[in-house]
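Spelled out, the chains give:
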Amino acid sequence: MAPGITNYIIWIDDSCINCDMCVPECPSEAIAMGVEHYEVSTDICILCKDYYEHETCIAVCPIGSVRKKVV
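Criteria and cut-off values
Residues numbered from 1 in each chain as written. Predicted model: local features only at pLDDT ≥ 70, side-chain atom pairs only at ≥ 80, totals over all residues. Heavy atoms only, no water. Patch = residues over 30% accessible without salt bridge, like charges linked within 9 Å, V, L, I, M, F, W, Y side chains within 5 Å. Areas by Shrake-Rupley, 256 points an atom, 1.4 Å probe, with all protein chains shown as cover. Salt bridge = Lys/Arg side-chain N within 4 Å of Asp/Glu carboxyl O. Helix = DSSP H or I, 4+ residues; strand = E, 2+ residues; numbered from the N terminus. Buried < 20%, exposed > 50% of the residue type's maximum accessible area, 1.4 Å probe, protein only. Phe/Tyr/Trp six-rings, centres within 6.5 Å; stacked < 30°, edge-to-face > 60°. Lys NZ or Arg CZ within 6 Å of the ring centre and 35° of its normal. Pairing = 2+ DSSP bridges. Polar contact = N/O pair within 3.5 Å; in protein donor to acceptor, adjacent residues only side chain to side chain. Contact = heavy atoms within 4.5 Å.

We now examine a nonpolar patch on the surface. Together, I46, Y51 and Y52 make up a nonpolar patch on the protein surface, roughly 300 Å² of accessible area in all. Residue placement: I46 occurs in the loop between β3 (38–40) and α1 (56–60). The partly exposed category is assigned to I46, whose relative accessible area is 33%.

Shown next as structure tokens:
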């Protein structure tokens, strides 16, 4: 993804094991428990802008369930 491009969202796939690693790292509190696993509210997610250099939820996920999805 090119720097400055925000034509993507953060999403958590079905492999999520609900380990809670991503939840406290989210500066906008956009991650919450869904029906079966954590989900990202794209209306609230700020992509960590002005807080971290990269999306921290992706960095802390131990199994790679948190990803960028082009929209």
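Take the pattern of salt bridges next. The final tally for this structure, using the stated rule, is 2 salt bridges. When the shortest N-O distance is used, the salt bridge between R67 and D13 registers 2.9 Å. Placement of R67 in strand β4 (residues 66–70) and of D13 in the loop between β1 (8–12) and β2 (31–33) is noted, with a sequence separation of 54 residues between them. The partly exposed category is assigned to R67, whose relative accessible area is 41%.

Per the counting criterion, the structure on display carries 0 aromatic pairs. Here the basic side chain of K68 rests over the ring of Y8, its NZ or CZ set 4.8 Å away from the ring centre. Taking the ring centre of W11 as reference, the NZ or CZ of K69 above it sits at 5.7 Å.

Turning next to the pairing of β1. A regular strand places its side chains so that they alternate between the two faces of the sheet. Only one face of β1 is covered, namely the one carrying Y8, I10 and I12; the face carrying I9 and W11 has none of its residues buried. Here β1 runs beside β4; their pairing, made up of 5 bridges, is antiparallel. The residue bridging Y8 from the neighbouring strand is V70, located in β4.

Our next topic: the side chain of H37. Within the secondary structure layout, H37 lies in the loop between β2 and β3. Accessibility expressed as a relative area gives 9% for H37, which makes it buried. At a separation of 3.1 Å, a polar atom in the side chain of H37 contacts the side chain of D14. Excluding residues that lie within four positions of it along the chain, H37 makes contacts with I12, D13, D14, C16, N18 and A32.

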